[in-house]
Amino acid sequence: MPTERALRKQRKREERARRRASRRPSILVQEFWNLPNMLTLGRILLIPVFVWLTYDADPLHSLLAALVFAVAAITDVIDGYLARRWNLITVVGKFMDPLADKLIAMAALVMMVRLGRIAAWVVIVLLAREFIVTGLRTIAASEGMVIAAGQEGKWKTSLQLVGIISLCVHYVHPLDVGFRVVTVDYNQVGKVLVYLSGAFSVWSAVVYFRAFLNMLARRGSTDPDAKSV
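The model shown is predicted, which means the values in this text are computed figures rather than measured ones. (Residues numbered from 1 in each chain as written. Predicted model: local features only at pLDDT ≥ 70, side-chain atom pairs only at ≥ 80, totals over all residues. Heavy atoms only, no water.)

K.L.:
Sorry, what's going on with the packing of helix α5 (residues 91-114) against helix α6 (residues 120-142) here?
P.N.:
A packed helix pair is summarised by two numbers, namely the angle formed by the two axes and the spacing between the axes. Where α5 contacts α6, the two axes come as close as 9 Å, and the packing angle between them is 160 degrees. By the angle class used here, α5 and α6 are roughly antiparallel. In this structure, α5 crosses over α6, and the sense of that crossing is left-handed. When α5 is examined against α6, the residues Lys 102, Met 106, Leu 109 and Val 113 are found in contact with a partner set consisting of Ala 120, Val 123, Leu 126, Leu 127, Glu 130 and Thr 134. For the contact of α5 with α6, the per-class residue count stands at 7 nonpolar, 1 polar and 2 charged. (Axes fitted to C-alpha atoms, helices over the stretch in contact; angles between N-to-C directions. Helix = DSSP H or I, 4+ residues; strand = E, 2+ residues; numbered from the N terminus. Parallel < 35°, antiparallel > 145°, perpendicular 65-115°, else oblique. Left-handed = near helix turned anticlockwise from the far one by under 90°. Contact = heavy atoms within 4.5 Å. Nonpolar A, V, L, I, M, F, W, Y, C, P; charged D, E, K, R; others polar.)

K.L.:
Please clarify how the packing of aromatic side chains should be interpreted in this entry.
P.N.:
Here the distance between the centres and the angle between the planes together describe a pair of aromatic rings. Applying the stated criterion across every chain yields a total of 4 aromatic pairs. Here Phe 50 and Phe 69 contribute two aromatic rings whose centre-to-centre distance is 5.9 Å and whose plane-to-plane angle is 50 degrees, an arrangement assigned as tilted. With Phe 50 in helix α3 (residues 35-55) and Phe 69 in helix α4 (residues 59-85), the pair connects residues that are 19 residues apart, well separated along the chain. The exposure classification of Phe 50 matches that of Phe 69, with both residues buried. Relative to Phe 200, the ring of Trp 155 has its centre 6.3 Å away and its plane inclined at 20 degrees; by these criteria the two rings are stacked. In this pair, Trp 155 sits in helix α7 (residues 151-169) while Phe 200 sits in helix α8 (residues 186-221), placing the two residues 45 residues apart along the sequence. The exposure class assigned to Trp 155 is partly exposed, which follows from its relative accessible area of 47%. (Phe/Tyr/Trp six-rings, centres within 6.5 Å; stacked < 30°, edge-to-face > 60°. Buried < 20%, exposed > 50% of the residue type's maximum accessible area, 1.4 Å probe, protein only.)

As structure tokens, then:
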């Protein structure tokens, strides 16, 4: 027969199990389980698949890598639309969505440099811009200020996404434009688009920095004047 000590241990285990079963999940866990956040998580999980495909730089794997990146870009649009449409904008989503965007873009750009499809200095400029803008937003948020994204930043993102997809395809492929078939060098197209996105990146970083300085100046002008002596 079980001893009194063993019975007490068993009762304690049962009591802990009942408390765990009755405990409500945290707010963050509750916010995590919705479709927009699941799409964002899926976008992050696509990164290892994309990196694996870009290790083999043959035409087939290049096309598959471009397809995976395009799917990630499309889900970025879908999860944002669903979050706004269904009023599912959460703290978890605000953290995960930009993180997923930056992770897959950085992974793609680094792999393109590894394959020799784009110059390293362009990627350095693009990544530096992301760090600068993220730092400015963090400082502004800590001071209770919000820096809205400008149109130049949206152009940067669009050009960068299409440019990365073209760099992933890389090879020369025929393209049927309806009235004729043209031969497209996707690497050259991707380079031009990424270079343009680099120019818009620098422009948007300057705009962010000026907006940050203007907000600081307006905030300083509202402070009470010091007493005259």
